[in-house]
Amino acid sequence: MAIQGPIPIGFDQVFPYGCYLVGEVEQVKDFDASANGRTVFAKDRVTGELVWQVAVMDADPAAKISQKTVAVKILAPTQPVAPAAAPGLPIVPVEFDGMTVTPYVAQNTGRLAYSIRATGMRAPRAHAKPKDQA
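Quick caveat, the model's predicted, so the values are computed rather than measured. (Residues numbered from 1 in each chain as written. Predicted model: local features only at pLDDT ≥ 70, side-chain atom pairs only at ≥ 80, totals over all residues. Heavy atoms only, no water.)

### Looking at the pairing of strand β4 (residues 51-58)
Phase 1: The pairing of strand β2 (residues 19-21) with β4 spans three bridges and is antiparallel. Along β4, the bridge assignment pairs Cys19 with Asp58.
Phase 2: One ladder, built from two bridges, connects strand β3 (residues 26-27) with β4; its direction is antiparallel. Looking at the pairing, Glu26 lines up with Gln53 of β4.
Phase 3: Alignment of β4 against strand β5 (residues 69-75), held across seven bridges, turns out to be antiparallel. Along β5, the bridge assignment pairs Val56 with Val70. (Pairing = 2+ DSSP bridges. Helix = DSSP H or I, 4+ residues; strand = E, 2+ residues; numbered from the N terminus.)

Here it is, written out as structure tokens:
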């Protein structure tokens with residue numbers, strides 16, 4: 001099979017209505033390697049980059065409440081900086097570059113889930129509305 005590992009995907013395919021930051025950028029801990037009060041931070045197995053995580057809210061109006069907030073992991077050598085908040089908005093719109101998804105079976109539900117990763121985040125670019133809104 002030609003697909004091995006994470007599957008490249010565009011931001012507009014994952015978040016066609018956009019997304020908003022709802023948390024701070026945090027470094028992901030490697031719980032298996034951390035011990036005796038010593039914290040070890042996670043690194044990507046393929047690239048060796050540090051792994052950071054941020055919670056975002058999916059702006060899709062059809063998304064179920066339980067699926068509105070998702071974590072996006074960002075692979076970067078230093079902590080990614082969130083875009084500046086837009087004047088008058090209480091939340092920060094964001095887009096991600098270099099996105100991939102990795103499907104897996106969630107242990108707690110037995111259902112298909114996706115790990116979402118990116119190589120960077122930035123302020124949104126102006127672009128067309130999703131096809132069903134055009």
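### Remarks on the pattern of salt bridges
Phase 1: What the rule picks out here adds up to three salt bridges.
Phase 2: Ionic pairing is found between Asp44 and Arg117, a salt bridge with its closest N-O pair at 2.6 Å. Here Arg117 lies in strand β8 (residues 112-118) and Asp44 lies in the loop between β3 and β4, a separation of 73 residues in the sequence.
Phase 3: By relative accessible area, which is 19% here, Arg117 ends up buried.
Phase 4: Residues Arg122 and Asp97 are paired through a salt bridge, measuring 2.9 Å at the closest nitrogen-oxygen approach. Linking Arg122 in strand β9 (residues 120-122) with Asp97 in strand β6 (residues 92-97), this pair joins segments that are 25 residues apart in sequence. (Salt bridge = Lys/Arg side-chain N within 4 Å of Asp/Glu carboxyl O. Buried < 20%, exposed > 50% of the residue type's maximum accessible area, 1.4 Å probe, protein only.)

### A look at the environment of Gly18
Phase 1: The topology assignment puts Gly18 in the loop between α1 (11-14) and β2.
Phase 2: For the pair Gly18 and Gly98, spaced 80 residues apart in the sequence, the C-alpha separation amounts to 16 Å.
Phase 3: Those residues in contact with Gly18 that sit more than four places away from it in its chain are Phe11, Met57, Asp58 and Ala59. (Contact = heavy atoms within 4.5 Å.)

### Focus on the side chain of Lys68
Phase 1: Relative to the helices and strands, Lys68 is located in the loop between β4 and β5.
Phase 2: With near-sequence residues (within four places) excluded, Lys68 lies in contact with Val56, Met57, Asp58, Ala59, Asp60, Pro61 and Ala63.

### Points about the pairing of β5
Phase 1: In terms of strand pairing, β5 meets β8 through three bridges, oriented parallel. In the sheet register, Lys73 faces β8, and the bridge partner there is Arg117.

### What to know about the nonpolar core
Phase 1: In terms of nonpolar packing, the biggest core is built from 21 residues, with Phe15, Val54, Val56, Val72, Phe96 and Met99 touching the most fellow members.
Phase 2: With residues near it in sequence (within four places) discarded, Phe96 still touches Phe11, Cys19, Val54, Val56, Val72, Ile74, Ala118, Gly120 and Met121. (Core = buried A, V, L, I, M, F, W, Y, C linked by side-chain atoms within 4.5 Å.)

### Looking at the layout of surface pockets
Phase 1: A volume near 1,400 Å³ is recorded for the largest pocket.
Phase 2: Lining of the largest pocket is provided by 45 residues; of these, Thr102, Tyr104, Tyr114, Ser115 and Ile116 occupy positions nearest its centre.
Phase 3: Looking at the lining of the largest pocket, the elements that each hand over two or more residues are α1, β4, β5, β7 (100-105) and β8.
Phase 4: In terms of residue count, the dominant contributor to the lining of the largest pocket is β8 (seven residues).
Phase 5: Residue classes in the lining of the largest pocket are distributed as 21 nonpolar, 13 polar and 11 charged. (1 Å grid on protein atoms, 1.4 Å probe; cavity = no way out; pocket = protein on both sides within 12 Å on 5 of 7 lines; lining within 4 Å. Points joined across faces, edges and corners; volume = space filled by probe spheres on them. Nonpolar A, V, L, I, M, F, W, Y, C, P; charged D, E, K, R; others polar.)

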